[in-house]
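Below, each chain spelled out in residue letters.
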Amino acid sequence: MSLHSIVLVKQVPDTSNISGDVMRPDGTVNRARLPAIFNPEDQEALELALRLKDEHGGTVTALTMGPPNAANMLRDCLYMGADRAILVSDRRFAAADTLATSYALHKAILHIGDYDLIFGGRQAIDGDTAQVGPQTAEKMNIPQITYTQEILNLDLKKRTIRARRAIKNGHEILEAPLPVLLTVIKGSAEPRPFEVRRLCTYKRAQSKFEIEATVDDSHDLVWMEELMERAKTQNLYIETWNIEDIDADVEMCGLAGSPTKVHKVENVVLSGSEFKQVPATAEGMNEMITELMQDHIFG
Ligand SMILES: Cc1cc2nc3c(=O)[nH]c(=O)nc-3n(C[C@H](O)[C@H](O)[C@H](O)COP(=O)(O)OP(=O)(O)OC[C@H]3O[C@@H](n4cnc5c(N)ncnc54)[C@H](O)[C@@H]3O)c2cc1C
């Protein structure tokens, strides 16, 4: 009984690392100029899946819906220990809200076939909705354990998993039948460093877009196919699927399939009047806590 885990990974703009040169004159952030990073909680989700593989064997597949340069993040997944990397990419996915994103991901998972576990981050640091995991589980019609902190037990014979999840002011232990989707919260599993041997091997892994980019017009399609076959034989191919490959309905994807339209993204820039200096004294702290409680910010 070989374990197969699929990990939903997202490449996101590094909103936690905003420096002066990405600020616009009006004080807002130019997101397009932010470096693209591996969503932090997705790295921990991948780490949890890899630890189960270390213990039970099997395979780990990293899956992302994203632009062609998301292949960089998929190589990171291969460096960490993923066995397979899949890029679902198509211009018609642009401006997808969470409903359209989870629809495309569930079609891709159906195209992958058999699996026992789906992992994802609790939330992405850009959209921050925490909706894609639960929505994907619903579309797959499988149970979900959100805010996972720890896998306590995986019983492949009984086909059950037991996990600890965070709740307000504590945690709870849940047991679910396989297959199940788990979303993972920050601080659950320190991601392992890239393996040097894997780095040397998979730095040459390429998606279809990247192979196409190496082929100039003088070469024909046959040559392109040959390069793809060579990459597949060497296990250096980042599988690249479009809408047709996953048999998705165009009307359910991208802007067309998104009831939510992100009108504008604007960073809230706090001006001078909106903050207050609190002396680092017991009295200062008391005053601040009282004010925060009065404002129902906490307590
Ligand atoms: C500032 C901002 C606000 C937005 N507000 C909304 C909104 O209110 N409603 C709405 O429907 N959409 C919204 N969107 C669009 C939304 O970001 C996209 O639909 C996005 O693809 C998924 O949502 P998320 O980033 O919130 O992910 P989350 O739901 O927070 O992601 C949770 C997990 O799902 C997985 N996942 C998410 N996206 C992908 C992917 N593309 N490939 C693989 N795995 C993935 C990852 O494991 C991730 O950790 C917003 C976007 C931005 C930038």
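Residues numbered from 1 in each chain as written. Predicted model: local features only at pLDDT ≥ 70, side-chain atom pairs only at ≥ 80, totals over all residues. Heavy atoms only, no water.

(A) Spatial organisation of the site of the ligand. In the vicinity of the ligand lie 29 residues, with Leu8, Lys10, Asp42, Ala96 and Thr129 positioned nearest. Contact distances for the ligand include 3.3 Å between an oxygen atom and a side-chain N or O atom of Asn39. Measuring from an oxygen atom of the ligand, one finds a backbone N or O atom of Val132 at 2.8 Å. Taking 920 Å² as the accessible area of the ligand by itself, protein coverage stands at 86%. Elements represented by at least two residues in the shell around the ligand include exactly β4 (59-65), α3 (98-112) and β6 (117-121). Taken together, the residues that form the shell around the ligand break down as eleven nonpolar, eleven polar and seven charged. (Near = heavy atom within 4 Å. Polar contact = N/O pair within 3.5 Å; in protein donor to acceptor, adjacent residues only side chain to side chain. Areas by Shrake-Rupley, 256 points an atom, 1.4 Å probe, with all protein chains shown as cover. Helix = DSSP H or I, 4+ residues; strand = E, 2+ residues; numbered from the N terminus. Nonpolar A, V, L, I, M, F, W, Y, C, P; charged D, E, K, R; others polar.)

(B) Just unusual backbone geometry, in detail. Residues Leu178 and Pro179 are joined by a peptide bond in cis, for which omega reads -10°. Its place among the elements puts Pro179 in the loop between β9 (170-177) and β10 (180-184). Although it is not a glycine, Ala95 adopts a positive phi angle of roughly 65°. Summarising the element assignment, Ala95 is placed in the loop between β5 (84-88) and α3. Overall, the relative accessible area of 52% leaves Ala95 in the exposed class. One non-glycine residue with positive phi stands out, namely Asp247, at about 55°. Following the sequence through the fold, Asp247 ends up in the loop between β12 (237-241) and α8 (282-294). (Buried < 20%, exposed > 50% of the residue type's maximum accessible area, 1.4 Å probe, protein only.)

(C) Just the packing of α3 against helix α4 (residues 132-140), in detail. It is at 9 Å that the axes of α3 and α4 come closest, and there the two elements cross at 50°. Judged on the interaxial angle alone, α4 and α3 are oblique. Crossing handedness for the pair α3 and α4: right-handed. Taken together, the residues of α4 that come into contact with α3 (itself represented by Thr98, Leu99, Thr101, Ser102, Tyr103, Leu105, His106, Ile109 and Leu110) are Val132, Gln135, Thr136, Lys139 and Met140. (Axes fitted to C-alpha atoms, helices over the stretch in contact; angles between N-to-C directions. Parallel < 35°, antiparallel > 145°, perpendicular 65-115°, else oblique. Left-handed = near helix turned anticlockwise from the far one by under 90°. Contact = heavy atoms within 4.5 Å.)

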